[in-house]
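# Commentary on secondary and tertiary structure
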Amino acid sequence: MVDNVYKESIREIPLAELVWVRSARRPERVEEYPFNGSVPYIDIKALETASPCRYTEASNFIMSKQDLVMVKDGHRSGKVFHGKEGVAASTFIILSQVSNDISLDYLYCYLAYCYDDFQNRKRGTAVGHLDVRYLKDLLIPVPDIDIQRDIAEKYHEEFKDVFDKTNFSYSLYTKTVDEYHKKHVEDMFFKMYENKYI
């Protein structure tokens, strides 16, 4: 994933030193419709659709669009998403930036690249769980911030190439870091996964 050109400036830093890793907990009250003082309850379905499906009271597990979110339970453990505004479901780990050394767009690309590794390191027998200790200790290759932006941009360009070569298009193609694109990419990969293409 990281070009040889960039290797000279790369440091390896444990993920837990770059982001605050929080496991969400299920709130006591979750409703189908908004209520006074409610906030969106962000579960997997809400991340894969344009709007929240349920609502809850504000809690310590608020996430924002500036966070990354990872699935920690089930067959998709290790899958990374860009955050949305609301309270995270108990099946998520919230990654909030604490260091200016990392671009979240770059980190998103890197963690998405590590998905198979996360899948192979699941814990538990009946329901697989993301190995949170492994996640926190994961050494992230951290080049200079400008190089991270270049890598994220190259990821975007390669992604666009794949879309062009497969004649897959939609009316408003945008960068992989734009909200519109993130939603469509997540929907596309979810559909491919559900249909056993990946």
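Just above sits the structure.
Anyway, here's the lowdown on the structure attached to this text. Residue positions are given per chain, counting from 1 as you read along its sequence in written order. Totals for whole chains, interfaces and linings use all residues, but because this is a predicted model, local features are given only for residues with pLDDT of at least 70 and pairs of side-chain atoms are given and counted only at 80 or more. For the side-chain quantities, the full set of heavy atoms in the structure was used; hydrogens and water were omitted.

Summarising burial for strand β10 (residues 92-97): 5 of the 6 residues are buried, a large majority. Note: strand β2 (residues 19-23) against β10, 5 bridges, orientation antiparallel. Its bridge partner being in β10, Val21 is matched across the sheet by Leu95. As paired strands, strand β7 (residues 68-71) and β10 are joined by 4 bridges and run antiparallel to one another. The residue of β10 that forms the bridge with Met70 is Ile93. With a 1.4 Å probe rolled over the protein chains alone, any residue whose accessible area is under 20% of its type maximum counts as buried; one over 50% counts as exposed, and the rest are partly exposed. Numbering of helices and strands runs from the N terminus; a helix is a DSSP stretch of H or I covering at least four residues, while a strand is a stretch of E covering at least two. Strands are labelled as partners when DSSP assigns at least two bridges between them.

Here Ser64 is to be found in the loop between β6 (62-63) and β7. Here the side chain of Ser64 touches Gln66 through a polar contact of 3.1 Å, landing on its backbone nitrogen. Apart from the residues within four sequence positions on either side, Ser64 is in contact with Gly83, Lys84 and Glu85. We call two N or O atoms a polar contact when they sit within 3.5 Å, provided that within protein one can donate a hydrogen and the other can accept it, with sequence-adjacent residues counted only if both atoms are side-chain atoms. Contact criterion: two residues are considered in contact whenever any of their non-hydrogen atoms come within 4.5 Å of each other.

Next up on the list: the sheet that holds strand β4 (residues 38-42). Spatially, 5 strands are ordered β3-β5-β4-β9-β6 in an open sheet, and the strand pairing comes out mixed. Edge positions in the sheet fall to β3 (30-31) and β6, since each of these pairs with one other strand and no more. Strand direction decides the pairing type here: β6 and strand β9 (residues 86-88), joined by 2 bridges, are antiparallel. When the bridges of β9 are listed, Ile62 appears paired with Val87.

Strand order in the open sheet formed by 4 strands is β2-β10-β7-β8, and the pairing between neighbours is antiparallel. Whereas interior strands pair on both sides, the edge strands pair on one side only; in this sheet they are β2 and β8 (80-82). Between one strand axis and the next, the sheet turns by 25° as a mean value, whatever way the strands run. Think of each axis as a best-fit line through the C-alpha atoms, taken over the contacting stretch in the case of a helix, with angles from 0 to 180 degrees between the N-to-C directions. Contacting β2, β7, β8 and β10, helix α3 (residues 104-113) runs over the sheet at an angle of about 155° to β8.

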